[in-house]
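Structure at a glance
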Amino acid sequence: MKDVFEAIRSRSSTRGYTDEKLTAEELEAILRAGLEAPTAANRQEIRFTVLSKDSPALKLVREAFEEELEKTPENSFYYGAPTVVILSAPAAFAWSPVDAGIAVQNMALAAEGLGLGSLIIGCIRRCMEGKRAEELAKALRFEDGFVYQVAIAVGHKATEKAPHTYRRDDQVTIL
Ligand SMILES: Cc1cc2nc3c(=O)[nH]c(=O)nc-3n(C[C@H](O)[C@H](O)[C@H](O)COP(=O)(O)O)c2cc1C
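The notes below deal with the structure included here. (Residues numbered from 1 in each chain as written. Predicted model: local features only at pLDDT ≥ 70, side-chain atom pairs only at ≥ 80, totals over all residues.)

Overview of helix 4 (residues 96-113)
- Helix length check: helix 4 (18 residues) gives 25 Å between terminal C-alpha atoms against 26 Å at 1.5 Å per residue, within 8%.
- The complete set of buried residues in helix 4 reads S96, D99, A100, A103, V104, M107, A108, L109, A110, A111, E112 and G113.
- Downstream of helix 4 by a residue or two, G115 has a phi angle that is positive, lying close to 85°. (Helix = DSSP H or I, 4+ residues; strand = E, 2+ residues; numbered from the N terminus. Expected span 1.5 Å × (residues − 1). Buried ≥ 20, exposed ≤ 12 C-beta atoms within 10 Å, placed from the backbone.)

Spelled out as structure tokens, the structure:
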């Protein structure tokens, strides 16, 4: 298991997965990482909908995605990952997007720590908010007033990608 700095440094987006499923323990560790993320005022408003690759609800999201958006070259947004977790939260709570972002990164780091790959998914937003929004929210069992925030694909890596580089001098101001 990687320590936190190692996991932060080595994590990168995985856009190709093997068919191997997550074990129950792996899934639980990743969900716990999301649940253990802080939320504004400790509101704990984030909900986690877990979908396996062959679940009817994921198929529905995929159909809606393909209707709304240009297909990616791989014709997918989760790149064959065995598990996708969709995070929803109240539309009316101002901190929902921040809290969801913190939770999803905790989950990505937990996956990395376990030697798994992950991909944070934003590109389904348009279909989640599009003309099939109500149908998708129902299929994903979103609570009333809850909306899609972000999602994460998790699985065993079939591809490797180096972590991104960054522009420290442009991005950091120390006063
Ligand atoms: C909020 C958010 C949404 C993202 N949505 C997508 C997405 O829909 N599809 C995708 O392939 N990558 C997505 N990414 C991954 C970014 O493209 C990726 O993190 C970035 O290029 C840096 O690469 P790295 O993760 O390998 O370090 C998303 C990342 C974040 C933080």
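More follows now that the structure is in view.
A closer look at the site of the ligand
- Residues in contact with the ligand amount to 13 residues; listed here are only the nearest, S12, S13, G122, C123 and H164.
- The element contributing the most residues to the shell around the ligand is strand 3 (residues 117-121), with three residues.
- Here the shell around the ligand is built from residues that sort into seven nonpolar, four polar and two charged. (Near = placed C-beta within 6 Å. Nonpolar A, V, L, I, M, F, W, Y, C, P; charged D, E, K, R; others polar.)

Examining the environment of S13
- Residue position: S13 is located in the loop between helix 1 (4-10) and helix 2 (24-35).
- Spatially, the C-alpha atom of S13 lies 16 Å from that of I124, the residues being 111 residues apart in sequence.
- If sequence neighbours within four positions are ignored, S13 has contacts with L119 and K161. (Contact = placed C-beta atoms within 7 Å.)

A few points about the sheet that holds strand 3
- Read across the open sheet, the four strands follow the order 1-2-4-3; overall the sheet is antiparallel. Each edge of the open sheet is held by one strand with a lone partner, namely strand 1 (47-52) and strand 3. Each adjacent strand pair in this sheet contributes to an overall mean axis angle of 25°, direction not counted.
- With eight bridges joining them, strand 2 (residues 83-90) and strand 4 (residues 146-155) adopt antiparallel strand pairing. Following the sheet pairing, V85 is matched in strand 4 by I152. (Pairing = 2+ DSSP bridges. Axes fitted to C-alpha atoms, helices over the stretch in contact; angles between N-to-C directions.)

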